Each structure stands twice: as C-alpha cells, then as structure tokens.
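Survey of secondary and tertiary structure
What follows is the residue order along each chain.
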Amino acid sequence: MAGTQVSQTTKAPPSLLYMVKQVELVVRSHLDELVKPSGITALQYTALTVLERHDGLSAAQLARDSFVTAQSIADVVRSLENRGLIRRERNPRNRRELLILLTDDGRELLARHACAVRELEELMVRDLTAHQTDQFRQALSKAWHALS
C-alpha cells in the first residue's frame, strides 16, 4: 500500500492521580449513601473512624488525619458534637487545648455501619486476590507516605 499512511492512535492511560481521584469520588458517593440514614456525611463518618482509632485528638490532629482543612473540621466537630456523637474536653496537660473524644453514641453509630462499610470495601476489591489486595493496601500506604 504505497503512499498510504497507517494512523495508529494510541491513547495514553489516565494518570494515576486522576484514577485515585476517581476512586475517592466513587467511594465517597457510596459512603454518603450508606451513612445518610444516620444523618451524617462521609466526611463526618471519616472523622468518627479517625477518633475510633485515636481517641482524644486536637482539632488540628483530627483535621490532618481526616484529610480536611482546619475550617472544615471545625464545622464537622460542631455538627457531631451537637448530635452527641463526640464531646470535647480540656487537655489536662495543656488547658488551652480541647481534645475531641468519641461518645458511646458515636461508637454505636460506627458499629451500626461497620458491616455495610466492610461490604463496600469488599466490593471495591472483589476482582483482586487477597495477595493483590494486600499489595494494593501497601502501595496506597507508600504513595501516601511519599507525599506526606
């Protein structure tokens, strides 16, 4: 085929940053739907899970661990405190600092959603083997540490 030029258009795969954002958005959407009946958002749920793992954080620490700004966490804390899901108390070592603690109602809410959240995570990795899931978890952890 002299004189005929074959056009091969190969699209580059989407960037990893784009793919991570896609996963984040779809997870957040599903999580919002899961926790909506309890009257909270995915962001509020995330803050509660952070407190479940590390109770007694300052607002700044909670903001960092929840991946939000200090202003955003202030709104989250106020809303969760009004609902009785968290409480604030003075830090005995630094009286100027307030520590945020999970209440029994907050723990109960998390327990109520634990199964559905676990099922969402299982759905996300259903096409991966247990070994691939472990590798995925490790890769995400390494990527987070590299940027932190």
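Quantities reported herein were computed from a predicted structural model and do not represent experimental measurements. (Residues numbered from 1 in each chain as written. Predicted model: local features only at pLDDT ≥ 70, side-chain atom pairs only at ≥ 80, totals over all residues. Heavy atoms only, no water.)

1. Remarks on unusual backbone geometry
Of all residues except glycine, most have a negative phi; of all peptide bonds, most are trans. Although it is not a glycine, Phe67 adopts a positive phi angle of roughly 65°. If you trace the backbone, Phe67 turns up in the loop between helix H3 (59-66) and helix H4 (70-82). (Helix = DSSP H or I, 4+ residues; strand = E, 2+ residues; numbered from the N terminus.)

2. Some points on the pairing of strand S1 (residues 86-91)
Pairing of S1 with strand S2 (residues 94-102) involves six bridges; the strand directions are antiparallel. Bridge assignment links Arg87 to a residue of S2, and that residue is Leu101. With antiparallel pairing between neighbouring strands as the criterion, S1 and S2 make up a hairpin whose turn holds two residues. (Pairing = 2+ DSSP bridges.)

3. Remarks on the packing of helix H2 (residues 42-53) against H4
Across the interface, H2 lies against H4 with an axial gap of 10 Å and an inter-helix angle of 80°. By the angle between their directions, the pair H2 and H4 is classed as roughly perpendicular. When H2 is examined against H4, the residues Leu43, Gln44, Ala47 and Leu48 are found in contact with a partner set consisting of Ile73, Val76, Ser79 and Leu80. (Axes fitted to C-alpha atoms, helices over the stretch in contact; angles between N-to-C directions. Parallel < 35°, antiparallel > 145°, perpendicular 65-115°, else oblique. Contact = heavy atoms within 4.5 Å.)

4. Structural notes on H3
Within H3, the full set of buried residues consists of Leu62, Ala63 and Ser66. Buried residues in H3, looked at end-on, bunch into an arc of 100°, giving them a common side. Residues of H3 that are buried sit in contact with H2, H4 and S2. Looking one or two residues past H3, Phe67 carries a phi angle of roughly 65°, positive in sign. (Buried < 20%, exposed > 50% of the residue type's maximum accessible area, 1.4 Å probe, protein only. Arc of directions from axis to C-beta.)

5. Describing the pattern of salt bridges
Counted according to the given criterion, the structure contains eight salt bridges. Between Lys21 and Glu24 there is a salt bridge, and its shortest N-O distance comes to 3.0 Å. Of this pair, Lys21 and Glu24 both sit in helix H1 (residues 16-35), separated by three residues, roughly a single helical turn. According to the relative accessible area criterion, Lys21 is partly exposed, its value standing at 42%. Measuring nitrogen to oxygen at the nearest pair gives 2.6 Å for the salt bridge that ties Arg112 to Glu108. (Salt bridge = Lys/Arg side-chain N within 4 Å of Asp/Glu carboxyl O.)

6. Focus on the environment of Ser79
Relative to the assigned elements, Ser79 resides in helix H4. Counting along the chain gives 39 residues from Ser79 to Ile40, while the straight-line C-alpha distance between them is 8.9 Å.

7. Comments concerning the confidence of the model for the chain
Mean pLDDT over the chain: 92, with 94% of residues reaching 70 or higher. Element-level mean pLDDT values for the chain span from 91 in S2 up to 97 in helix H5 (residues 104-124). (pLDDT = per-residue confidence, 0-100.)

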